[in-house]
Amino acid sequence: MQNKKKNIIVANFKMNFNTQFEVENWLKEFAKVQERNRLIKTEVVLCPQFVLFERFVKNISGKDIFFGTQDCFWEQKGSYTGEISPMIIKTLGGSYVILGHSERKKYFGETNRMTYLKIKTAMKAGLTPILCVGESSEERNSGNMKKVIFSQLDESLGDISKANVEKVAFCYEPIWAISANTPDALLDANEIMGAKLLIKRFINDRYGEAVAEKARIIYGGSVDGKNVKEICIDAGMEGALVGSASLKPQEFGKIIEAFENNS
Ligand code: PGA
């Protein structure tokens, strides 16, 4: 199901919801959003902290609602203290996993090579990776955006087969646009579309036109109910990776509505 070309709206809750009240409140408010919206054109993917994963799976149901995590390990099982196996994510009801997020790289030293190993194991376990790529502001300002994105794609995809690459969802997320304090400085629709075309070009060159055509590319970086039309829909993106705005169910609902109502 999740490989059909529907938009995907991914909630990356990060390390939030740290009290029972916050969790219960979110679940209650999200139920109202679900009542208002039948998902026709979109899939919604909820990615809570690992410890809340089962709670979300058990409390939310509905057509085209999926669950994912914000990371996973590159081995299926064994002596890896503190790590989470993609197999257990799948077993507990997971369908997706966000991989290569810039916060994993910044705070945990994840390299593109590690992202590659995680993609491989996650796919073996039956999870769909959401592969994040994006440049820092220095890389953008020095004219290196294309080089950076191509090398992230090159190293993170490694020798992943064409058949598997077809299943990967790609997220263009400029690092400097994450939870931006100055929303006016975000890219405009044309610039974001330019990044989408770059990712498509890479896929086209490496895996051919048919795979590039099918690839789902979404945008992440300060998406909210107000800017979603310009920075996602007008930019031709097939979904969004939403951090801060996903913590507010009604705001998250506006993002879903924008994609659902787009003709
Ligand atoms: P943001 O986070 O929506 O708060 O910018 C997005 C992300 O980092 O996935």
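Reference entry: report on the structure contained in this document. (Residues numbered from 1 in each chain as written. Predicted model: local features only at pLDDT ≥ 70, side-chain atom pairs only at ≥ 80, totals over all residues. Heavy atoms only, no water.)

**Structural notes on the site of the ligand**
Using the following cut-off: A cutoff of 4 Å decides nearness: a residue is near a molecule or strand if any of its heavy atoms lies inside that distance of it. Here a polar contact is recorded for every N or O atom pair within 3.5 Å, except that within protein the pair must consist of a potential hydrogen donor and a potential acceptor, and residues adjacent in sequence are included only if both atoms are side-chain atoms. The Shrake-Rupley method, run with a 1.4 Å probe, gives the accessible areas here. Residue values count only the displayed protein chains as cover. Classes in brief: Ala, Val, Leu, Ile, Met, Phe, Trp, Tyr, Cys and Pro nonpolar; Asp, Glu, Lys and Arg charged; the others, Gly included, polar.
As a structural note, the neighbourhood of the ligand is formed by 13 residues, with Lys14, His101, Ser179, Ser222 and Ser244 the closest of them. Here an oxygen atom of the ligand and a backbone polar atom of Gly243 are 2.8 Å apart. Between Ser244 and the ligand, the recorded distance is 2.6 Å, taken from a side-chain N or O atom to an oxygen atom. Alone, the ligand offers 280 Å² of accessible surface; in the complex the protein occludes 99% of this. Considering only residue class, the shell around the ligand consists of 4 nonpolar, 7 polar and 2 charged.

**Focus on the nonpolar core**
Formally: Buried residues of nine kinds, namely Ala, Val, Leu, Ile, Met, Phe, Trp, Tyr and Cys, make up a nonpolar core once their side-chain atoms join them within 4.5 Å. Note on classification: 1.4 Å probe, protein chains only; a residue is buried when its accessible area is under 20% of the maximum for its type, exposed when over 50%, partly exposed between these limits. Counting from the N terminus, the helices are the DSSP runs of H or I reaching at least four residues and the strands are the DSSP runs of E reaching at least two. Residue contacts are defined here by distance: any two heavy atoms, one from each residue, within 4.5 Å place the two residues in contact.
Ranked by size, the top nonpolar core spans 69 residues in total, and within it Trp26, Phe30, Leu46, Phe56, Phe170, Tyr219 and Phe252 carry the most contacts. Looking at this core, the element that brings in the most residues is helix H9 (residues 189–207), giving 8 residues. Setting aside chain neighbours within four positions, we find Leu46 in contact with Ala11, Phe13, Trp26, Phe30, Phe56, Ile60, Ile65, Phe66, Phe67, Gly68 and Phe252. Counting 13 residues, the second largest nonpolar core, distinct from the first, contains Phe66, Tyr96, Cys132 and Ile218.

**Topic: helix H7 (residues 145–157)**
Just so we agree on the cut-off: Expected span of a helix, by definition, is 1.5 Å for each gap between consecutive residues, and there is one gap fewer than residues.
Between its first and last C-alpha atoms H7 spans 18 Å; for 13 residues at 1.5 Å apiece the expected length is 18 Å, and the two agree. Listing the buried residues of H7 in full gives Met145, Val148, Ile149, Phe150, Gln152, Leu153, Ser156 and Leu157. Just downstream of H7, Gly158 is the residue with a positive phi angle, here 45°.

**Some details on the packing of aromatic side chains**
What counts, and what does not: Pairing of aromatic rings covers Phe, Tyr and the six-membered ring of Trp, with a centre-to-centre limit of 6.5 Å; geometry is then stacked below 30 degrees between planes, edge-to-face above 60, and tilted otherwise. By definition here, charges over rings are those cases where NZ of Lys or CZ of Arg is within 6 Å of the ring centre and within 35 degrees of the ring normal.
Within this structure, the stated rule accounts for 14 aromatic pairs. Ring plane angle 45° and centroid distance 4.9 Å describe the contact between Phe73 and Tyr80, whose orientation is recorded as tilted. For Phe73, a relative accessible area of 9% gives the class buried. With a relative accessible area of 36%, Tyr80 lands in the partly exposed category. Centre to centre, the rings of Tyr107 and Phe108 are 6.5 Å apart; their planes meet at 70°, and the pair counts as edge-to-face. Each member of the pair, Tyr107 as well as Phe108, carries the same accessibility label: exposed. Site record: aromatic cluster; members linked through ring pairs are Phe13, Phe17, Trp26, Phe30, Phe56 and Phe252. We note Arg104 situated over the ring of Phe108; from NZ or CZ to the ring centre the distance is 4.0 Å. We note Lys146 situated over the ring of Phe150; from NZ or CZ to the ring centre the distance is 5.1 Å.

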